[in-house]
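Report on the structure
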Amino acid sequence: MPLYFPIAELSFNVFVIIGLGALVGFLSGMFGVGGGFLMTPLLIFLGVPPPVAVATGANLITASSVSGALAHFQRGGVDLKMGWILIAGGAVGSFLGAGIFGLLKRLGQLDLAVSLIYVVFLGGIGTLMLVESLGALRRRHGDTAQPARRRRRHVGWRHALPFKTRFRKSRLYISALLPLGVGMLVGFLAAIMGVGGGFIMIPAMIYLLGMPTNVVVGTSLFQIIFVTAITTVLHAFHTQSVDILLSLVLLVGAVVGAQWGARVATRLQGAELRALLALLVIAVGLKMAWGLTMSPSAPWQIDWVLP
Amino acid sequence: MRIRHRPPLLALALLALPPCTSLAGPGGAIEATTTAATTPSPRTRRIVPDVSRDLVELRYDFTGTELLIFGAVNPPAAPHAPIDLVVAIEGPRRTALLRRKQKVAGIWINRLVARLEDAPAFYALSATRPLADIAPAEVRERLEIGAGRLPIAVRRPDGTKSPLAPEARAGFFAALAMNGLYRTETGPQALRIKDGTLFRTRIALPSKLPEGDYRARVLLFEKGRPVAERTLALKVRKAGFERAIFHFAHRLPLAYGIVAVALALLAGWGAGRIFRRR
């Protein structure tokens, strides 16, 4: 059953799109990640124009983060003060990102920039995850008895920053510039890559800000909803590249896939799961890199100047 | 997709035409042969073309379609008379920025090559024979027939005349062809004049068909000279729900963005509730 997506200006079999949503939803449910960093490249591989893939990806993440954020909020797992500062930073980052996005689109270099940034992030994060999970697997098999985790070191410069603020829920007294900066980076990535940015934000919250793990996921989801919402509005306004129909059809698959994935995950081991996800992330990154370096099938590209 | 179909009544009516030529004398077909041989009066020969649909609506299930352009040459020509037809469908003309991928440090990067003004977003041509056999180059140039002879202004990015014009043109049509937006077909399979009078050609319209005003030019040549030309207008436009979404996104972008977010929040929240109940 073909369906024409009015902003992507393409027709796809609706089951292919639901299936893609289900696949990414399944993986995100299984691994507990947002899945934006898989959704956007897969949409691009399907032939969706990169600007539409990025903007629609951001829109989809708003939807897929709502119920999780609400659940954490009700459980008291959101540090609101930290969240609002992260969002303020995210808004600035997203604004900058959307501006650069629009500029790159006008210059005809957006597709390249999106691919490059994906290659770097997918390659880097995939490799880190693979190393970490293989290490965990080796430890479990009792090769070497390593200490579970090194103590977090207090970096001096973090305390030298001004605007120190008390975050009761996180039991922290740190400079507000830190969450502002983290939020900005994540907002920027949301706008350029169409991701929620949890894969950057969660490690940053734990290792850089030093937040306790019980508020990390909730606060990050809280920030992601607002920042992806802002990003969606900015992209809709600047480049008209948000495809509501595409994001709704993807969501249908993603919701079902996520439930299924979460169920499968309970039967699998954590480290093995992470190694699997790492391999997948690396594979997607390699496919993107391949696309950048191999001889293009379409060397010429037309961009219409709209009247 | 719903399409306004035009029943090919005209074609049926034209089928009845040959007997009408007997007004000039008895024995229509033979009469036509002799007139063509003795008094080649190209001025009097006309073409009566029509198109199977004058409105193509891009709806939710549009995956491309086929356009039928048909008609008759009147009065009919002798079976082997040197007449030729060219049917060219042109999409809306716009300005295009043409970029070419170049390898820089192992990576393919887009480089702006030229700015093409009045470039058609779609061009499909059917002809009874290769264009070079139908009419001399000057004639084709004057009539603007064929991809190479369309009046496209090729400029350098800074607006001056580009020395790369032929290359840029070729690149432009290659890029169109990738999406099925440019095709040239010649020969009897593409377009044939049956019994010296009836003709028809099929033009494939791809799924990535751009919106806008199209025109179909039908030209008749006799011994390399153009003798008649007719133009048909047709429209391609988005329709239904998709059209509404597209126009909403482009005319009220801020409101569209807010609605997109509201929908996402609602859908995400609803989905969460459904699954939590279980």
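What you see is a predicted model; the values in this text were computed from it and never measured.

1. Topic: the sheet that holds strand β6 (residues 107-120) of chain B
- Pairing is antiparallel in the open sheet, where 4 strands are placed in the order β5(A)-β5(B)-β6(B)-β8(B). Because the sheet does not close on itself, it has two edges, and the strands there are β5 (300-305) of chain A together with β8 (153-155) of chain B. When strand polarity is set aside, the average angle formed by the axes of neighbouring strands in this sheet is 30°.
- As judged from the 3 bridges shared by β6 of chain B and β8 of chain B, these two strands associate in the antiparallel manner. Bridge pairing links L116 of chain B to V154 of chain B in β8 of chain B.

2. Concerning the pattern of salt bridges
- Taken as a whole and assessed by the stated rule, the structure comprises 16 salt bridges over all chains.
- Across the pair K238 of chain B and E9 of chain A runs a salt bridge, and its minimum N-O distance is 2.7 Å. Of the two residues, K238 of chain B is situated in strand β13 (residues 225-238) and E9 of chain A in the loop between β1 (2-5) and β2 (10-13); the pairing between them involves two chains.
- Exposure remark for K238 of chain B: the relative accessible area of 1% places this residue in the buried category.
- The class of E9 of chain A is partly exposed, set by a relative accessible area of 36%.

3. Considering the sheet that holds strand β1 (residues 46-51) of chain B
Residue and element names in this part refer to chain B.
- Within the open sheet, the 4 strands sit side by side as β1-β3-β11-β10. Their pairing is antiparallel. For this open sheet the edge positions go to β1 and β10 (192-194), each flanked by a neighbour on one side alone. This sheet shows a mean twist of 25° between the axes of neighbouring strands, independent of strand direction.
- Where β10 and strand β11 (residues 198-205) come together, 3 bridges link them in antiparallel fashion. Note on β11: the bridge partner recorded for K194 is L198.

4. Quick word on the pairing of strand β4 (residues 83-90) of chain B
All names here are of chain B.
- The buried count for β4 comes to 8 of 8 residues, which makes it a mostly enclosed element.
- Burial along β4 is two-sided: I83, L85, V87 and I89 and D84, V86, A88 and E90, pointing in opposite directions, are all buried.
- One ladder, built from 5 bridges, connects β4 with strand β7 (residues 123-127); its direction is antiparallel. Along β7, the bridge assignment pairs A88 with L125.

5. Things to note about the interface of chain B and chain A
- Between chain B and chain A, the contact holds 58 residues from the first and 51 residues from the second.
- Carbon and sulfur atoms supply 70% of the area buried between chain B and chain A, which totals about 4800 Å² over both sides.
- By the criterion of area lost to chain A, the three top residues of chain B are R99, W108 and F275 of chain B, representing 13% of everything that side buries.
- In this assembly, chain B and chain A are joined by 2 salt bridges.
- Close ionic contact of R99 of chain B with D303 of chain A constitutes a salt bridge, the shortest N to O distance being 2.5 Å.

6. Brief notes about the confidence of the model for chain A
Residues and elements named next belong to chain A.
- In the predicted model, chain A carries a mean pLDDT of 85, and 94% of its residues have values of at least 70.
- Confidence scores differ between elements of chain A, with helix α6 (residues 156-160) showing the lowest mean pLDDT of 70 and helix α4 (residues 80-107) the highest of 92.
- pLDDT under 50 marks residues 145-151. Its contacts with residues more than four places away, or in other chains, come to 2 contacts.

7. As for the pairing of strand β12 (residues 212-222) of chain B
Residues and elements named next belong to chain B.
- Burial analysis of β12 places 8 of its 11 residues in the buried class, the great majority of the element.
- With 8 bridges joining them, β4 and β12 adopt antiparallel strand pairing. Bridge pairing in β12 places L85 opposite L220.
- Direction of pairing for β12 relative to β13: antiparallel, over a ladder of 11 bridges. Bridge pairing links V218 to R230 in β13.
- Counted between consecutive antiparallel strands, the loop separating β12 from β13 contains 2 residues, among which K223 sits at a positive phi close to 50°.

8. A few points about the confidence of the model for chain B
- Of all residues in chain B, 83% attain a pLDDT of 70 or more, and the chain-wide mean is 81.
- Low confidence marks residues 1-40 of chain B, where pLDDT is under 50. Its contacts with residues over four positions away, or in another chain, come to 44 contacts.

9. Some points on helix α8 (residues 198-209) of chain A
- Considered for burial, the residues of α8 of chain A that qualify are G198, I200, M201, A204, M205, I206 and L209 of chain A.
- In the segment just after α8 of chain A, G210 of chain A is the residue with positive phi, at about 80°.

10. Describing a nonpolar patch on the surface
- A cluster of nonpolar side chains, namely F73, L80, W84 and F226 of chain A, defines an oily patch on the protein surface of about 380 Å² accessible area.
- Positionally, L80 of chain A belongs in helix α4.

11. Comments concerning the environment of D118 of chain B
Residues and elements named next belong to chain B.
- By secondary structure assignment, the location of D118 is in strand β6.
- Residue classification places D118 among the partly exposed positions, given a relative accessible area of 43%.
- Expressed as a C-alpha distance, the spacing of D118 and A153, which sit 35 residues apart in the sequence, is 6.8 Å.
- Those residues within four positions of D118 in sequence are excluded, and the remaining contacts are R93, R94, P151 and I152.

12. Quick word on the side chain of D243 of chain A
- One can find D243 of chain A in the loop between α9 (213-238) and α10 (244-265).
- Here A8 of chain A takes part through its backbone nitrogen, which lies 2.9 Å from a polar atom of the side chain of D243 of chain A.
- A distance of 3.1 Å separates a polar side-chain atom of D243 of chain A from the backbone nitrogen of L246 of chain A.
- Leave out the neighbours within four places in its chain, and D243 of chain A touches F5, P6, I7, A8, V52 and T56 of chain A together with Y256 of chain B.

13. Quick word on the environment of S220 of chain A
All names here are of chain A.
- On the secondary structure map, S220 appears in helix α9.
- It is 8.5 Å that separates the C-alpha atoms of S220 and A69, two residues lying 151 residues apart in sequence.
- In contact with S220, not counting residues within four places along its chain, are M201, I202 and M205.

14. Observations concerning the packing of helix α1 (residues 14-31) of chain A against helix α11 (residues 270-293) of chain A
Residue and element names in this part refer to chain A.
- Contact pair α1 / α11: the axes reach a minimum separation of 10 Å and the direction vectors enclose 140°. Crossing of α1 against α11: the hand is left-handed. Listed contacts from α11 to L27, M30 and F31 of α1 are L273, L276, L277 and L280.
- Among the residues making up the contact of α1 with α11, the classes are represented as 7 nonpolar, no polar and no charged.

15. So, unusual backbone geometry
Residue and element names in this part refer to chain B.
- Here N74 and P75 are connected by a cis peptide whose omega angle stands at -5°.
- When you line up the elements, P75 lands in the loop between β3 (65-74) and β4.
- One non-glycine residue, A105, adopts positive backbone phi at about 50°.
- Inspection of the secondary structure puts A105 in the loop between β5 (93-104) and β6.
- Looking at A105, the relative accessible area reads 80%, which means it is exposed.
- Phi at E144 takes a positive value of approximately 60°, unusual for a residue other than glycine.
- Relative to the helices and strands, E144 is located in the loop between α5 (137-143) and β8.

Rules and cut-offs
Residues numbered from 1 in each chain as written. Chains lettered and ligands numbered in written order. Predicted model: local features only at pLDDT ≥ 70, side-chain atom pairs only at ≥ 80, totals over all residues. Heavy atoms only, no water. Pairing = 2+ DSSP bridges. Helix = DSSP H or I, 4+ residues; strand = E, 2+ residues; numbered from the N terminus. Axes fitted to C-alpha atoms, helices over the stretch in contact; angles between N-to-C directions. Salt bridge = Lys/Arg side-chain N within 4 Å of Asp/Glu carboxyl O. Buried < 20%, exposed > 50% of the residue type's maximum accessible area, 1.4 Å probe, protein only. Contact = heavy atoms within 4.5 Å. Buried area = accessible area lost by both parts, 1.4 Å probe. pLDDT = per-residue confidence, 0-100. Patch = residues over 30% accessible without salt bridge, like charges linked within 9 Å, V, L, I, M, F, W, Y side chains within 5 Å. Areas by Shrake-Rupley, 256 points an atom, 1.4 Å probe, with all protein chains shown as cover. Polar contact = N/O pair within 3.5 Å; in protein donor to acceptor, adjacent residues only side chain to side chain. Left-handed = near helix turned anticlockwise from the far one by under 90°. Nonpolar A, V, L, I, M, F, W, Y, C, P; charged D, E, K, R; others polar.

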